[in-house]
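Structure at a glance
Listed below, chain by chain, are the residues.
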Amino acid sequence: MSKFRSRLFFSLSTLIVIVFLSLGFLLGQLFQFFYFFAYENQFKKESQLVKIVVKNEGIESPEIAELLGTISETLDSRIILFDEGGNVLFEKGPAFQQNSKELAKKMLAQHRYEEKGFRIDLNQAHLYFYGMPLFDNGGKKGFVVLGKSLNAVPMTKEIWFFISGSMMVAFIVLMMFGMRIMKQYTRPIESAANVAMELAKGNYKARTYEENNDEIGMLSRSINILARNLQDMTSAQELQQERLQTLIENMGSGLIFIDERGYIHLVNKAFKELFQIDQDDYLYKPYNEAFAYKEIIQMVDEIFLTESRKRKHLMLPVKIERKHFEVYGAPILGKREEWKGIVLVFYDITELKKLEQMRKDFVANVSHELKTPITSIKGFSETLLDGAMKDEQTLKSFLSIILKESERMQTLIQDLLDLSKIEQQGFKLDFQTCHINEILKEIYTLLSRKAIDKNIGLSLKVPNEDIMIHGDPYRLKQIFINLVNNGIMYTPSGGEVNILVKADQDIVEVSVQDTGIGIKEDKIPRIFERFYRIDKARSRNSGGTGLGLAIVKHLVEAHRAKIDVKSKVGEGTIFTVTFQRLNPS
C-alpha cells in the first residue's frame with residue numbers, strides 16, 4: 001500500500017472512529033434517557049396499582065400484608081406503607097442500604113402535602129423511590145412508597161452492548177466499502193504519481209491508465225499527453241544530437257570546443273588522430289594547460305580578447321614529424337549575444353603542402369635537367385660557329401656531344417610523357433597472358449651488351465616450367481628494363497647483376513639483385529620520388545633522368561602487384577616485384 005493510500009486510510013478510519021464514538025455516546029445517552037423515562041412511567045403505574053390495591057383492601061386490612069408481599073415479589077420492588085405521621089406500617093421487598101426512618105423523614109419534609117405521586121430524591125443514583133399519597137373519605141391516611149435498585153436493571157448494559165456491537169459492525173462494513181472506494185479512486189492517482197516520477201527520472205515511455213471520464217481521468221490523460229510529447233521531443237533531440245555527434249566525430253578536420261570559462265568540453269575523433277593524443281588529457285581542463293603549443297594558446301587568447309574570428313596557418317610538431325594546419329577559431333554567441341565559448345577547427349594541409357613542394361621541386365628539377373643539355377648544346381654550337389667547325393676532329397667531337405645531349409633531352413621528355421600518361425585517371429593497361437620467362441630473356445638479351453661494356457656480369461635464372469601472369473607485356477618490359485638498367489648503372493666494374501624468378505602456385509617473384517653501391521635505409525622511402533637520385537653525378541653522367549623508379553612504382557601498382565626494396569650500403573640492392581600467378585587451367 002502506498003504512503004498516500006496509507007495516510008488516506010488512516011485519516012478516514014480516524015474520522016470514522018471519532019464520528020462513531022461520538023454517535024455511540026449520543027445514542028447511548030438518548031437510549032438511556034428514553035429507557036429511564038419509560039421505566040419511570042412504568043414505575044409510576046406500578047405505584048398507582050399498589051395504591052389502588054391498598055385503597056381497595058384498606059390500609060388496616062389483615063390480608064393487605066400478604067397481598068403486598070406477593071406484589072413485591074412479582075415486581076421485584078420494595079413496598080413500604082407509612083401512616084400520616086411517617087411511621088412504617090408495612091415493609092417488604094429487596095433490602096437497600098437505606099433506613100426507612102430517614103426515607104420517611106425526607107418524604108415528609110419534601111412531599112407531606114403532595115396530592116399526586118412524587119419521586120423521593122435521596123442523592124443516590126442507584127436507588128429509585130416513588131411515593132403515592134393514600135386518601136380515605138377525603139382525608140390523607142398515609143403513603144405507599146415503591147423502591148427499586150437501578151443496579152438490578154440490566155437494560156443499561158444491554159443498550160451499551162447493542163450500540164457498541166452495531167457500531168463495530170457498521171465500522172467494519174463501512175471500512176470494507178471505504179477501502180474499495182478508496183482503492184478505486186486512489187489507484188489512478190498512484191499510477192499518475194508513479195508515471196510522474198518515471199518522467200522525472202527520464203523514462204518518457206511510462207504511461208498511466210485512462211479509465212474514467214472525471215477529473216482523475218483528465219489528469220491521467222494529461223500526464224499521458226505530456227509523456228508522449230516529452231518522448232517525441234526527446235527522440236527528436238536524441239536524433240539531432242546523434243546526427244550532430246556523428247557529423248562532429250566523422251568530419252575530416254579536428255574540432256575543439258572551449259566554454260566561456262576556458263575549459264575544453266569537446267574533442268572530436270579527427271583531432272585525437274591528427275595530434276595522437278588521449279582525450280582525458282584535454283577534456284574538462286583549461287586550454288592553457290591542455291595545449292602544448294604556444295601558438296594555439298596565443299590564438300585562443302586573442303579570440304577571448306577581441307571576440308572576433310581568427311584564421312592562422314601553423315606548423316606544429318606532432319611526435320617525430322611536422323604538420324601544417326590551417327586553424328580557424330570563432331567565438332560562439334547566444335541569441336542574446338551572451339558569451340558561450342570558442343570553437344577551433346584544425347584543417348590538416350600537410351599533404352597539400354607536400355604536393356605544393358613537390359610541384360615546386362618538379363618544376364625546378366625539370367628546369368635543371370633541361371638546362372644542362374641545352375646549355376651544352378648552345379655552348380658547343382656557338383663554339384662551332386666561331387670557327388671550330390673547320391677542324392674536322394673537333395667538329396666530330398662536338399657534334400657527338402650535341403647528339404648525346406639531344407638524346408638525353410629526348411629521353412627526359414619521353415619519361416615525362418610516360419609518367420604523365422601513367423598518372424592520368426583514365427590510364428589503362430593492355431592486359432593479356434604474359435610468359436614472364438620470355439619477357440625477361442628479351443630484356444637480358446637487350447641489356448647484355450651494356451653490361452659487357454661496363455665489365456658487369458649479368459645473369460638470368462628462371463624455372464624450367466612455363467610461368468604466366470596477367471599483365472601488359474610492353475609495360476612489364478619497361479618495369480624490368482628500368483630495374484636492370486639501374487642495377488648496371490649503380491654497380492661498379494667487376495660487379496654482378498642477377499635476375500631471379502621464383503614461383504609457387506599463387507605468386508611469382510621477380511628479383512633484380514646487384515652488388516652496387518647500395519642505398520641508406522633512411523633514403524629507401526624516397527627512391528620512388530621524381531628526380532630523386534642516390535648518386536646524382538653518377539646518374540646524370542650515365543644519362544639517367546631520375547624518373548625511372550617513379551614510373552616503375554606506378555606501373556607495378558597498375559598491375560595490382562607490389563615492389564619491395566632491400567639494400568645495404570657497399571653490398572648492393574635487391575628489388576623484388578611480386579605478381580599473382582595465372583593458372584593455365
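Small disclaimer: the values here were computed from a predicted structure and weren't measured. (Residues numbered from 1 in each chain as written. Predicted model: local features only at pLDDT ≥ 70, side-chain atom pairs only at ≥ 80, totals over all residues. Heavy atoms only, no water.)

As a further point, take the overall build of the protein chain. For the protein chain, the helix and strand inventory stands at 14 helices and 17 strands. Buried residues in the protein chain amount to 38% of all 585 residues. Long-range contacts, defined here as pairs at least 24 residues apart, represent 57% of the contacts in the protein chain between residues at least 6 apart. Of the accessible surface of the protein chain, which amounts to about 36000 Å², a share of 54% is contributed by carbon and sulfur atoms. (Helix = DSSP H or I, 4+ residues; strand = E, 2+ residues; numbered from the N terminus. Buried < 20%, exposed > 50% of the residue type's maximum accessible area, 1.4 Å probe, protein only. Contact = heavy atoms within 4.5 Å. Areas by Shrake-Rupley, 256 points an atom, 1.4 Å probe, with all protein chains shown as cover.)

Membership of the largest hydrophobic core comes to 38 residues, with the highest contact counts inside it found for F480, L483 and V484. Contributions of two or more residues to this core are made by helix 11 (436–453), helix 12 (473–489), strand 14 (496–503), strand 15 (507–514), helix 14 (548–558), strand 16 (562–568) and strand 17 (572–580). Those residues in contact with L483, other than ones at most four positions away along the chain, are V512, L549, V552, F575 and V577. By size, the runner-up hydrophobic cluster in this structure holds 27 residues, among which are I256, L283, F325 and L344. (Core = buried A, V, L, I, M, F, W, Y, C linked by side-chain atoms within 4.5 Å.)

Our next topic: the sheet that holds strand 6 (residues 254–259). Taken in spatial order, the 5 strands of this open sheet run 7-6-10-9-8, and their pairing is antiparallel. Lying at the two open borders of the sheet, with one neighbouring strand each, are strand 7 (264–267) and strand 8 (310–318). When the angles between neighbouring strand axes are averaged without regard to direction, this sheet yields 25°. Bridge count for strand 6 against strand 10 (residues 339–348) is 6 bridges, and the pairing is antiparallel. (Pairing = 2+ DSSP bridges. Axes fitted to C-alpha atoms, helices over the stretch in contact; angles between N-to-C directions.)

Time to look at the packing of aromatic side chains. How two aromatic rings sit relative to each other is set out by the distance from centre to centre and by the angle between their planes. All chains considered together, the criterion is met by 11 aromatic pairs. Geometrically, the ring pair formed by F271 and Y282 is edge-to-face, given 5.6 Å between the ring centres and 75° between the ring planes. Taken together, the positions of F271 in helix 6 (residues 269–275) and Y282 in the loop between helix 6 and helix 7 (287–290) put the pair 11 residues apart, joining distant regions of the chain. For Y282, a relative accessible area of 5% corresponds to the buried category. The interplanar angle of 85° and the centroid separation of 6.4 Å between the aromatic rings of F325 and F346 together place this pair among those described as edge-to-face. Residue F325 is found in strand 9 (residues 321–333), and its partner F346 is found in strand 10; the two are separated by 21 residues along the sequence. This pair shows no difference in class: F325 is buried, exactly as F346 is. (Phe/Tyr/Trp six-rings, centres within 6.5 Å; stacked < 30°, edge-to-face > 60°.)

Taking 1.5 Å per residue, 17 residues should reach 24 Å; helix 12 reaches 24 Å between its end C-alpha atoms and fits that length. With 13 of 17 residues buried, helix 12 is to be regarded as a mostly interior element. One side-chain oxygen of the residue at the start of helix 12 lies 3.2 Å from the amide nitrogen of Y474, identifying that residue as D472. (Expected span 1.5 Å × (residues − 1). Polar contact = N/O pair within 3.5 Å; in protein donor to acceptor, adjacent residues only side chain to side chain.)

Our next topic: helix 14. Taken together, the buried positions of helix 14 are occupied by G548, L549, A550, I551, V552, L555 and V556. Remark: R560 follows helix 14 within two positions and exhibits a positive phi of approximately 55°.

Read across the open sheet, the 5 strands follow the order 12-14-15-17-16; overall the sheet is mixed. Edge positions in the sheet fall to strand 12 (457–461) and strand 16, since each of these pairs with one other strand and no more. Averaged over all pairs of adjacent strands, the angle between strand axes in this sheet comes to 10°, irrespective of strand direction. Two elements, strand 14 and strand 15, share 7 bridges in a ladder whose sense is antiparallel. Among the inter-strand pairings, A503 is bridged to a residue of strand 15, identified as V508.

Moving on, we get to the packing of helix 12 against helix 14. The contact between helix 12 and helix 14 brings their axes to 9 Å, and the two run at 140°. Note on packing geometry: the crossing formed by helix 12 with helix 14 is left-handed. Contacts between helix 12 and helix 14 involve R475, Q478, I479, N482, L483 and N486 from the former and G548, L549, I551, V552, L555 and V556 from the latter. Grouping the amino acids of the contact of helix 12 with helix 14 by side-chain chemistry returns 7 nonpolar, 4 polar and 1 charged. (Left-handed = near helix turned anticlockwise from the far one by under 90°. Nonpolar A, V, L, I, M, F, W, Y, C, P; charged D, E, K, R; others polar.)

Running from N to C, helix 11 and helix 12 cross one another at 40°; their axes reach a closest spacing of 10 Å. Considering the relative orientation of helix 11 and helix 12, their crossing is right-handed. Residues I436, I439, L440, E442, I443, L446, L447, K450 and A451 of helix 11 form the contact with helix 12, whose participating residues are P473, L476, K477, F480, I481, V484, N485 and I488. Residues belonging to the contact of helix 11 with helix 12 are distributed by class as follows: 13 nonpolar, 1 polar and 3 charged.

A separate point is the side chain of N224. Considering the arrangement of structural elements, one finds N224 in helix 5 (residues 215–250). Residue N224 is classed as buried on the basis of its relative accessible area, which comes to 2%. Each residue touching N224, except ones within four places of it in the same chain, is listed here: R207, T208 and E210.

Along the primary structure Y282 and I256 are separated by 26 residues, whereas in three dimensions their C-alpha atoms are 9.5 Å apart. If near-sequence neighbours (up to four positions away) are discounted, Y282 is found in contact with I256, I264, V267, F271, I277, A290 and F291.

A few words on unusual backbone geometry. With phi around 60°, N455 is a residue other than glycine that occupies positive phi space. With respect to the helices, strands and loops of the structure, N455 is situated in the loop between helix 11 and strand 12.

The next subject is the pairing of strand 2 (residues 88–92). One ladder, built from 4 bridges, connects strand 1 (residues 78–83) with strand 2; its direction is antiparallel. What sits directly across from I80, in strand 2, is E91. Counting the residues in the hairpin turn of strand 1 and strand 2 gives 4 residues, including G86, whose phi is positive at 95°.

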